[in-house]
Protein chains: 2
Amino acid sequence: MDKITSRENPLIKRAVKLATSSKHRRAEECFFVEGARLCLDAVRSGTPIELLLYTRRGSDRYPEAVETLREAAAKSVEVDEKIMATLADTETPQGIACLCKMLDKIGGAGTIKKNGRYLALENIQDPANLGTTLRTAEALGIDGVLLSRGCCDRYSPKVLRGSMGAVFRLFIKEEEEFPAALRRMGQEGFCTYAAVPAADAVPVTAAQFGPKTVVAVGNEGNGLTETAVAACAARVTIPMLGRAESLNAATAAAILMWEMMRRG
Amino acid sequence: MDKITSRENPLIKRAVKLATSSKHRRAEECFFVEGARLCLDAVRSGTPIELLLYTRRGSDRYPEAVETLREAAAKSVEVDEKIMATLADTETPQGIACLCKMLDKIGGAGTIKKNGRYLALENIQDPANLGTTLRTAEALGIDGVLLSRGCCDRYSPKVLRGSMGAVFRLFIKEEEEFPAALRRMGQEGFCTYAAVPAADAVPVTAAQFGPKTVVAVGNEGNGLTETAVAACAARVTIPMLGRAESLNAATAAAILMWEMMRRG
């Protein structure tokens, strides 16, 4: 196929929609990935690559990446540098981007491990917080992350980038009914904890954070919903020693995951 | 003074410069603070308020805040809503902003406590990371944070907001010579740790994190400089259990501070 030089090209119009609209990503079960490293992460995790877009400069700078991606992609097209610049939301695009099929729609999602340690996030709104938290979950070896429907889209370019590709490798499950999912895990023998900023909750240092544990962390401004708190067997808190009222949601999640994992 | 309706007004031009340029903030030893809560944090911490800017809507919505700020400010001026919108970098400005004098230039900076626990940050570039880390430091009760000259400006609107006002309350010291400052603390009897992603460093769970400890954390992409690592007595690491290569700098700092503080 010839090099694409027009923004009106249907492939480019589709890529723009997938890069910017969560609604389109859901409807098409497809998402946009930018940058050599993230695109390679996608291939290595077995994510199907529908389309590779690359610029001349991109294939000059990352010849091996482009070659690997070209072999994996169903279709590959060279695009003009200017077009890539409008697609990418980074300041210095690398000249490589892909359209990928969603992992959880292709049967690769797996199941919750009997003795696993899980984080459950309710209505996390900030893509930077979600991305960082998924990166931390992977780095600390958490078995998986459950997301309420109200969380921001994990397939958005900001979350993908912030997660350093963890979105491709981590077990992530979107729960239609978040409190019900927590209750069900409790019935299956999981210790279910709701993280709350309350002095009368169990301090995290005293919590029973063994295998078969799930900790729920809530929205940046409002914390967990009452229903989600009620669905958990216990409430856990990170003791505040200073004057600040609370931790950032991603920081709280990081400390809770660290406490789940460091005890082995 | 009459209501300001022109962007060409010298006070507004000055406010714009202080809101957007770190260089101007340094030169004038003054910074721009936006929002009712942050402005009140400034007053409560004893930060001198040079100028209060408020809109009609701001004083209608936050009458008590505007009253408190008016009493504290050397000068108060009503501005047009449109002008406030150009000053504020938030999407929904509250109609209240201040120009404040820098704390560390007015003799309120204090000194390092003999038995304190400190975090030292080298060349942290992302305002969101710096803001969150200062918020975490305050929440966990860290005695203070040392910043290398290469860190982003803690008086930028993004850092102030991300810190939830911790910038006003936390002991923060900018070190002209970062490695020399670490070496000096070591000579004064502090345990000095350099955080590194290296398997042969001391795992954080085995580190001697008592009182009189300082932990240095480096830049998002490059970590600590070799000189800074060499200036510390020991290297500490957060064991990576998963496949990710590293944690976000703010997350690493949070886990290290948590480990410093939870052991009491």
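Residues numbered from 1 in each chain as written. Chains lettered and ligands numbered in written order. Predicted model: local features only at pLDDT ≥ 70, side-chain atom pairs only at ≥ 80, totals over all residues. Heavy atoms only, no water.

Caption draft 1: Region of the structure containing the pairing of strand 10 (residues 213-217) of chain B. All names here are of chain B. With five of five residues buried, strand 10 lies mostly within the body of the structure. Side-chain alternation along strand 10 places Thr213, Val215 and Val217 on one buried face and Val214 and Ala216 on a second face that is also buried. Across five bridges, strand 5 (residues 117-121) lies against strand 10 in parallel orientation. Note on strand 10: the bridge partner recorded for Leu121 is Val217. With four bridges joining them, strand 8 (residues 191-195) and strand 10 adopt parallel strand pairing. The partner of Tyr193 across the bridge, within strand 10, is Val215. (Buried < 20%, exposed > 50% of the residue type's maximum accessible area, 1.4 Å probe, protein only. Helix = DSSP H or I, 4+ residues; strand = E, 2+ residues; numbered from the N terminus. Pairing = 2+ DSSP bridges.)

Caption draft 2: View of the sheet that holds strand 10 (residues 213-217) of chain A. Residue and element names in this part refer to chain A. Here we have seven strands laid out as an open sheet, ordered 7-6-5-10-8-11-9, and parallel in their pairing. Edge strands, defined here as strands with exactly one partner in the open sheet, are strand 7 (172-175) and strand 9 (202-203). Where strand 6 (residues 144-148) and strand 7 come together, four bridges link them in parallel fashion. Each bridged residue has a counterpart across the sheet, and for Ser148 the counterpart in strand 7 is Glu175. Strands strand 5 (117-121), strand 8 (191-195), strand 10 and strand 11 (234-237) of the sheet are contacted by helix 12 (residues 249-262), whose axis makes an angle of about 170 degrees with strand 10. (Contact = heavy atoms within 4.5 Å. Axes fitted to C-alpha atoms, helices over the stretch in contact; angles between N-to-C directions.)

Caption draft 3: Representation of the pattern of salt bridges. Across all of its chains, the model carries 42 salt bridges over all chains by this definition. Among the ionic pairs, Lys101 of chain A bridges to Glu50 of chain A, the shortest N-O distance being 3.9 Å. Of this pair, Lys101 of chain A sits in strand 4 (residues 96-101) while Glu50 of chain A is found in strand 2 (residues 49-54), placing the two residues 51 residues apart along the sequence. Residue classification places Lys101 of chain A among the partly exposed residues on the basis of a relative accessible area of 28%. By relative accessible area, which is 23% here, Glu50 of chain A ends up partly exposed. Put simply, Arg149 of chain B and Glu174 of chain B hold a salt bridge, and the shortest N to O gap is 3.1 Å. Here the residue Arg149 of chain B occupies a position in the loop between strand 6 (144-148) and helix 8 (157-162), and Glu174 of chain B occupies one in strand 7 (residues 172-175), the gap between them amounting to 25 residues. According to the relative accessible area criterion, Arg149 of chain B is partly exposed, its value standing at 37%. Judged by its relative accessible area of 26%, Glu174 of chain B is partly exposed. Taken together, the shared-partner salt bridges connect Arg26, Arg149, Arg154, Glu174 and Glu176 of chain A into one network. (Salt bridge = Lys/Arg side-chain N within 4 Å of Asp/Glu carboxyl O.)

Caption draft 4: Highlighting the relation of the copies chain B and chain A. Its rotation angle being 180 degrees, the transformation that places chain B on chain A also includes 0.0 Å of axial translation and leaves an RMSD of 0.0 Å. The superposition of one copy onto the other is thereby described by a two-fold rotation axis. In this assembly the copies share their binding face: 100% of the residues contributing to the interface of chain B also contribute to that of chain A. (Least-squares fit on C-alpha atoms with pLDDT ≥ 70 in both.)

Caption draft 5: Seen up close, helix 3 (residues 36-44) of chain B. All names here are of chain B. Among the nine residues that make up helix 3, seven are buried, leaving the element largely enclosed by the rest of the structure. Ala36, Leu38, Cys39, Leu40, Asp41, Ala42 and Val43 are the residues of helix 3 that are buried. Of the surrounding secondary structure, the elements contacted by the buried residues of helix 3 are strand 1 (30-34), strand 2 (49-54), helix 5 (63-72), strand 4 (96-101), helix 8 and helix 9 (166-169). Residue Gly46 follows helix 3 closely and has a positive phi angle near 85 degrees.

Caption draft 6: The interface of chain B and chain A, seen in detail. Opposite the 30 residues of chain B that make contact, chain A presents 30 residues. Across the interface of chain B and chain A, roughly 2,600 Å² is buried in total on both sides, 60% from carbon and sulfur atoms. The salt bridge involving Glu259 of chain A is made with Arg262 of chain B; its shortest N-O contact spans 3.7 Å. Connecting chain B to chain A are six residue pairs in polar contact (both at pLDDT 80 or more). For the side of chain B that touches chain A, the leading source of residues is helix 12 (residues 249-262) of chain B, giving seven residues. (Buried area = accessible area lost by both parts, 1.4 Å probe. Polar contact = N/O pair within 3.5 Å; in protein donor to acceptor, adjacent residues only side chain to side chain.)

Caption draft 7: Spatial organisation of the side chain of Arg117 of chain B. Note that Arg117 of chain B resides in strand 5. Of the polar contacts made by the side chain of Arg117 of chain B, one reaches the backbone oxygen of Met260 of chain B; its length is 3.0 Å.

Caption draft 8: Just the layout of surface pockets, in detail. Residue and element names in this part refer to chain A. The space that makes up the second largest pocket amounts to roughly 520 Å³. In terms of lining residues, the second largest pocket is bounded by 26 residues, among which Val196, Pro197, Ser246, Leu247 and Ala252 are the most central. Secondary-structure elements contributing two or more residues to the lining of the second largest pocket are strand 11 and helix 12. (1 Å grid on protein atoms, 1.4 Å probe; cavity = no way out; pocket = protein on both sides within 12 Å on 5 of 7 lines; lining within 4 Å. Points joined across faces, edges and corners; volume = space filled by probe spheres on them.)

Caption draft 9: The packing of aromatic side chains, seen in detail. Across all of its chains, the model carries 10 aromatic pairs over all chains by this definition. Ring geometry for Tyr193 of chain B against Phe209 of chain B: centres 5.1 Å apart, planes inclined by 80 degrees, an arrangement best described as edge-to-face. Of the two residues, Tyr193 of chain B is situated in strand 8 and Phe209 of chain B in the loop between strand 9 (202-203) and strand 10; the sequence distance between them amounts to 16 residues. What makes Tyr193 of chain B buried here is its relative accessible area of 7%. Look at Phe209 of chain B and you get buried, because its relative accessible area is 3%. Here the aromatic residues Phe31, Tyr155 and Phe168 of chain A are joined through ring pairs into a cluster of three or more. (Phe/Tyr/Trp six-rings, centres within 6.5 Å; stacked < 30°, edge-to-face > 60°.)

Caption draft 10: Inspection of the pairing of strand 4 of chain B at higher detail. Residues and elements named next belong to chain B. Burial of strand 4 is extensive: five of the six residues sit out of reach of the surface. The pairing of strand 1 with strand 4 spans five bridges and is antiparallel. Residue pairing across strands places Phe31 opposite Cys100, the latter belonging to strand 4. Two elements, strand 2 and strand 4, share five bridges in a ladder whose sense is antiparallel. Within strand 4, the residue paired with Leu52 across the bridge is Cys98.

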